[in-house]
Structures are given as C-alpha cells and as structure tokens.
Amino acid sequence: MATNPSTSRGTWNTKLGFILAAAGSAVGLGNIWRFPTETASNGGAAFLIVYLVCVLLIGLPVMIAELSIGRSSKKNPVGAFRALSNNKFFPLVGVWGVLCGVMILSFYTIIAGWTFSHVFVEIFTFAGMDGAASILADFGNGYVNAIFALLFMALTIGIIRGGVSDGIEKATKLMMPLLILILVVMTLFVVFQPGAAEGLRVYLMPDFSMVTPNLVLAALGQAFFSLSLGMGALITYGSYLSKKENIVEAAGYVTLADVGIAFLAGLLIMPTIFLAQAQGVEIYDADGSFLAGPALIFQILPELFAQIGGVLGLIVGVSFFFLLSLAALTSTISLLEVPTAYVIDEHGVKRKKAALYVGLFVLTLSMIISFNTALIDTIDFIFSVIGLPLGGLLICIFIGYFWKTQSAVEEMKNGFKDIKNSRLISLWSIFIKYICPIIIAIILIRTIFS
Ligand code: PHE
C-alpha cells in the first residue's frame, strides 16, 4: 500500500485512481436503480432538469467542500472536524456521518445482494430451473437475503482490508471501466429497439406541471445520495489525496461521471419500461402510478429479458444484473471505508482488524433487516433522504462560519495555482455560505413538517 510518510496514512497512487474510486463511490444503485425509478415516478424530464440543477448548485459545491476538509485534515470525518476547529459540536456531525454510513450500508448490502442473486435468477430461468429461480427471486425469504448480503459484505471487507491503493484503488480501477462498457453496450442495444421512442419521449420531454415541492425534495435527496455527499465519504477519500491534485477539477470529473452514468442509465431504463409495456408487461400499479422500487428493476426488466428469450435474453439479463452488482460494490466499498477509517484513526486499530470488526457489526444489522425488509424504507428515509442533506447543511455551516471559506480556498490552492484568478471560487464561497445552506434548510424544514 502506498503510504504517506509523514502520517503513514494510505494515499491514492494516481489521480485517475482517485477519480475512479470517488466516481465508483458515487456511481451505484443510486444511479442505475434509484435515479431512473425517481425519474419514472416524477414525470421524466421535469425531474431530470430539477435534479441537474440540484447537482450543479448544491452537489458540486458541497463535494468541493468535503474534499477540502478531508485533504486539509487528513482524517476521518470525526477527526477532521476536530482538527480544523475548536468547536465541540462539529465532531458530532462527523459521528452523524459515520452513523449514516453504517445505517445506509446495512440496507444497501441487501439490495446489492438482490442484484447479485438476480444474476443467478437469470441463469436458472434460462436453464429451466424455475424452482431454484423463484426461491432466489423471493425478497420475502430472509435466508436468501441474508446469504447474499453476507456474500456482498465479505467481498467489501476483503477489498477494504487491502488498503487504499492496493485494495480500493485497484478494485475500482478494474470495475469502473467494465461497468461503463456494459452500460454503454446495453443502452445502445435498447435505444435502437423498435418501440423505444415512447420511453425516450417521456424521459427527455419535460412536463413542468409535474414540478412540486415533493419533486424538489426527491431531486435534492437523490443528488446527495447519488454523489455520496453529506456523510463524509468524500472527506475520507479526500484525506488520502495528494496535495499535487486539483480538488476543484477532480470534483468536476466525479460529478460529471456520476451525472453522465445516471443519464445513461435513464436512457437504458426508461425505454425498457415502455418496451416491456409493449410486450404486455404491466408497468402501472392500481392507482395509475409507475411501478417503482424493486418491482421496476426486479420484475419488469426480467420479464423483458424473458421476452427477448434465448441466449441473447440470457446475455442481456446477466449483463444487466452484473452491471448493477459492480456499481453497488464500488459504493459499498466507500460506505464501509468511512466507519473503518474512523476506527483506525480514532481508536488506533489496525486496518485489517478494523475493516473486519466494522464489517461484521454492519452485517449483524443487515441480518436483522434481511428478515424485516419493511425496515428498509424507514432507514432510507431517516439516514439518506433526511440524514445526508442534513449532514451537507452542517458541513456548509462549518466551512462558512467556523473553519471559514478562506481556509478551504487556501487548501484548494494546492494543485490549483491560479485559483485566485478564478471567479468560480468567489462564487463557490457565496454558495457555501448562503445559497446551499438556505436551500437545503428550506427543503428539510418543509419535509419534516409535512
Ligand atoms: N452514491 C451511492 C449510490 O449512488 C450511494 C452512497 C451514498 C455511497 C453515500 C456512499 C455514501 O448508490
């Protein structure tokens, strides 16, 4: 593992390695499952546009903020707030971040397990082993949920134990290009199917009458979740980043990769929904809204793969679920890295042990959720829909009023020499001090009181 001699913390070997790892954290089920689902149930292009605005006005500034805090302090989220200010409250924001990471990971592994089990569902269905396929496809089966969650967690722990450059960086450098390749090939395949146009129309033609406060909250929550913001994942990844690198540019690439892949996933999924409908698959539920959530990915799409049939159907189905599994794995890595880095830094535990203990702890929670999947929505609401924007709000307040935007700009100067001439930076400071916290606060307050 490459280590930084002054602190003996791991560091990224290359800039590309860092960008792929951070993009890997960002690109996950949030992009390929949650984004198309939210888009489908929120009026297509109208949601897409509000989402893009949230990413640009709030997500990108907060990402730059997190990376600056991380690289300046070279610490996990709890240690980072302690290192940069004497204020006693903000380390608690780090604790909240670690907690959000643990809780999100506890249910994320289960959904990740579903994506992986569906690789086998496709294979068993093709082989005519319908009994085995239906056992694996049953989300109500706690044992199946638990086994696949365990498998996924074991993979994640193994990678984290390898360290920053030899574990995380190597694994994501391999997985991200593969993920992009599969996604592009599948999207090209779907977009040119006869009948795909209706889905493309819904996806790309905005209906602004759909824009409601709830849609704006959904878009903001989606932006935080998808960019991995608000819980210190990028503080942690930033803490392994060399002073040579340009944080602003890196944040730009990571955001671009995340948005680009979400957009592509929309191009894949929206037409697929309508193709499935054309084949007679039901895509609306009783009250006329889109079948969202697990049904979309795990019912509608497999029915379409079955319609394609034969070896082609098998290849498309297996590739799709393998793609989702890869995307999920590069995200579970970052979700586990945050609490692991906390235990390493704050409790002096060695990486291999820390990863194992934290992983086993989270796995215990996952086991409970495996048998009570109804808990997923509640945990998701508290720790991602509310928890991440709340974390983001507090990070903005910390930089704007305690650590100060000038200190963050000083940190950004490393690797970005002509930053002073850059108008973007004064704009960034205004966003972090005023615009981002005000918008996030308004949306959060509205949600909590409705
Ligand atoms: N960004 C990941 C996704 O889109 C989820 C995630 C959230 C990962 C928060 C890390 C931290 O699936």
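Check the entry above for the structure.
Residues numbered from 1 in each chain as written. Predicted model: local features only at pLDDT ≥ 70, side-chain atom pairs only at ≥ 80, totals over all residues. Heavy atoms only, no water.

1. A word on the overall build of the protein
Scanning the protein from terminus to terminus reveals 18 helices and 2 strands. Here the C-alpha radius of gyration of the protein, 21 Å, is about what a compact globule of 450 residues would show, namely 22 Å. Expressed along its principal axes, the backbone C-alpha trace of the protein runs to roughly 60 × 50 × 40 Å. Here the protein holds 450 residues, and the buried ones make up 58% of them. Sequence-distant contacts, at least 24 apart, represent 82% of the contacts inside the protein between residues at least 6 apart. In the structure as shown, the protein presents an accessible area of about 17,600 Å², 69% of it carried by carbon and sulfur atoms. Across the protein, 25 positive and 24 negative side-chain charges occur, with their mean positions spaced 18 Å apart. (Helix = DSSP H or I, 4+ residues; strand = E, 2+ residues; numbered from the N terminus. Rg over C-alpha atoms; globule rule 2.2 N^0.38 Å. Buried < 20%, exposed > 50% of the residue type's maximum accessible area, 1.4 Å probe, protein only. Contact = heavy atoms within 4.5 Å. Areas by Shrake-Rupley, 256 points an atom, 1.4 Å probe, with all protein chains shown as cover. Lys, Arg positive; Asp, Glu negative; His and termini not counted. Charge placed at Lys NZ, Arg CZ, Asp CG, Glu CD.)

2. A closer look at the site of the ligand
The local shell around the ligand holds 14 residues, among which A26, G30, Y108, F225 and S228 are the closest. Here a nitrogen atom of the ligand sits 3.1 Å away from a polar atom, N or O, in the main chain of S226. Among the detected pockets, the ligand sits in the largest cavity. Considering only residue class, the shell around the ligand consists of 6 nonpolar, 8 polar and no charged. (Near = heavy atom within 4 Å. Polar contact = N/O pair within 3.5 Å; in protein donor to acceptor, adjacent residues only side chain to side chain. 1 Å grid on protein atoms, 1.4 Å probe; cavity = no way out; pocket = protein on both sides within 12 Å on 5 of 7 lines; lining within 4 Å. Sits in = over half its atoms within 2 Å of the grid points. Nonpolar A, V, L, I, M, F, W, Y, C, P; charged D, E, K, R; others polar.)

3. Things to note about empty space enclosed by the protein
Evaluation of the coordinates by the stated rule reveals 1 cavity of 30 Å³ or more. Quantified by volume, the largest cavity comes out at close to 140 Å³. Lining the largest cavity are 18 residues, and of these S25, Y108, F225, S228 and L335 sit closest to its centre. Considering each element in turn, the lining of the largest cavity owes the most residues, 3 residues, to helix α14 (residues 310-347). The class makeup of the residues in the lining of the largest cavity is 11 nonpolar, 7 polar and no charged. (Points joined across faces, edges and corners; volume = space filled by probe spheres on them.)

4. Some words on the environment of L92
Considering the arrangement of structural elements, one finds L92 in helix α5 (residues 90-126). Counting along the chain gives 14 residues from L92 to V78, while the straight-line C-alpha distance between them is 7.0 Å.

5. Quick notes on unusual backbone geometry
For S228, which is not a glycine, the phi torsion comes out positive at approximately 60°. Counting through the fold element by element, S228 comes out in the loop between α10 (213-226) and α11 (233-238). Not every positive phi belongs to a glycine, and K404 is a case in point at roughly 80°. Along the polypeptide, K404 turns up in the loop between α16 (375-403) and α17 (405-413). Taking the relative accessible area as the measure of exposure, K404 reaches 38% and is therefore partly exposed.

6. Brief notes about the nonpolar core
I69 and F320 are the most contacted members of the largest nonpolar core, which has 155 residues in total. Per-element tally for this core: the top contributor is helix α12 (residues 247-278), with 17 residues. The residues touching F320, leaving out its near neighbours within four places in the chain, are I32, M186, L268, I269, I297, L301 and F305. By size, the runner-up hydrophobic cluster in this structure holds 5 residues, among which are V121, A133, V144 and F148. (Core = buried A, V, L, I, M, F, W, Y, C linked by side-chain atoms within 4.5 Å.)

7. Comments concerning a nonpolar patch on the surface
Taken together, I49, V53, L56, L57, F208 and V211 make up a surface patch of nonpolar side chains, about 490 Å² in accessible area. Residue placement: V53 occurs in helix α3 (residues 45-73). What makes V53 partly exposed here is its relative accessible area of 42%. (Patch = residues over 30% accessible without salt bridge, like charges linked within 9 Å, V, L, I, M, F, W, Y side chains within 5 Å. Salt bridge = Lys/Arg side-chain N within 4 Å of Asp/Glu carboxyl O.)

8. Brief notes about helix α1 (residues 15-26)
Across its 12 residues, α1 extends 16 Å between first and last C-alpha, which sits within 8% of the 16 Å expected from 1.5 Å per residue. Of all 12 residues in α1, 10 are buried; the element is thus mostly enclosed. Restricting attention to buried positions, one finds in α1 the residues G17, F18, I19, L20, A21, A22, A23, G24, S25 and A26. (Expected span 1.5 Å × (residues − 1).)

9. Looking at the packing of helix α7 (residues 142-161) against helix α15 (residues 351-371)
Two numbers describe how α7 lies on α15: the axes approach to 9 Å, and their chain directions differ by 165°. In terms of axis orientation, α7 runs roughly antiparallel to α15. The hand of the α7/α15 crossing is right-handed. Residue-level contacts link G142, Y143, N145, A146, A149, L150, M153, I157, I160 and R161 of α7 to R351, K352, A355, L356, G359, L360, V362, L363, M367, S370 and F371 of α15. (Axes fitted to C-alpha atoms, helices over the stretch in contact; angles between N-to-C directions. Parallel < 35°, antiparallel > 145°, perpendicular 65-115°, else oblique. Left-handed = near helix turned anticlockwise from the far one by under 90°.)

10. Considering α12
With 32 residues, α12 ought to run about 46 Å at 1.5 Å a step, and its terminal C-alpha atoms sit 47 Å apart, in line with that. Its side-chain oxygen placed 3.0 Å from the backbone nitrogen of V248, N246 serves as the N-cap of α12. With its phi angle positive at about 95°, G280 sits one or two positions after the end of α12.

11. A closer look at the packing of aromatic side chains
The full count for this structure, using the stated rule, is 26 aromatic pairs. Relative to F298, the ring of W114 has its centre 6.0 Å away and its plane inclined at 85°; by these criteria the two rings are edge-to-face. Of the two residues, W114 sits in helix α5 while F298 sits in helix α13 (residues 294-308), which places them 184 residues apart along the sequence. Note on F298: relative accessible area 7%, which makes it buried. Their ring planes at 75° and their centres at 5.2 Å tell us that F320 and F321 sit as a pair that is edge-to-face. A relative accessible area of 1% means that F320 is categorised as buried. Here the aromatic residues W33, W114, F139, F298, F305, F320 and F321 are joined through ring pairs into a cluster of three or more. Seen from the ring of F225, R34 lies directly overhead, with NZ or CZ sitting 4.3 Å from the centre. (Phe/Tyr/Trp six-rings, centres within 6.5 Å; stacked < 30°, edge-to-face > 60°. Lys NZ or Arg CZ within 6 Å of the ring centre and 35° of its normal.)

The values reported here are purely geometric and, on their own, carry no functional implication.
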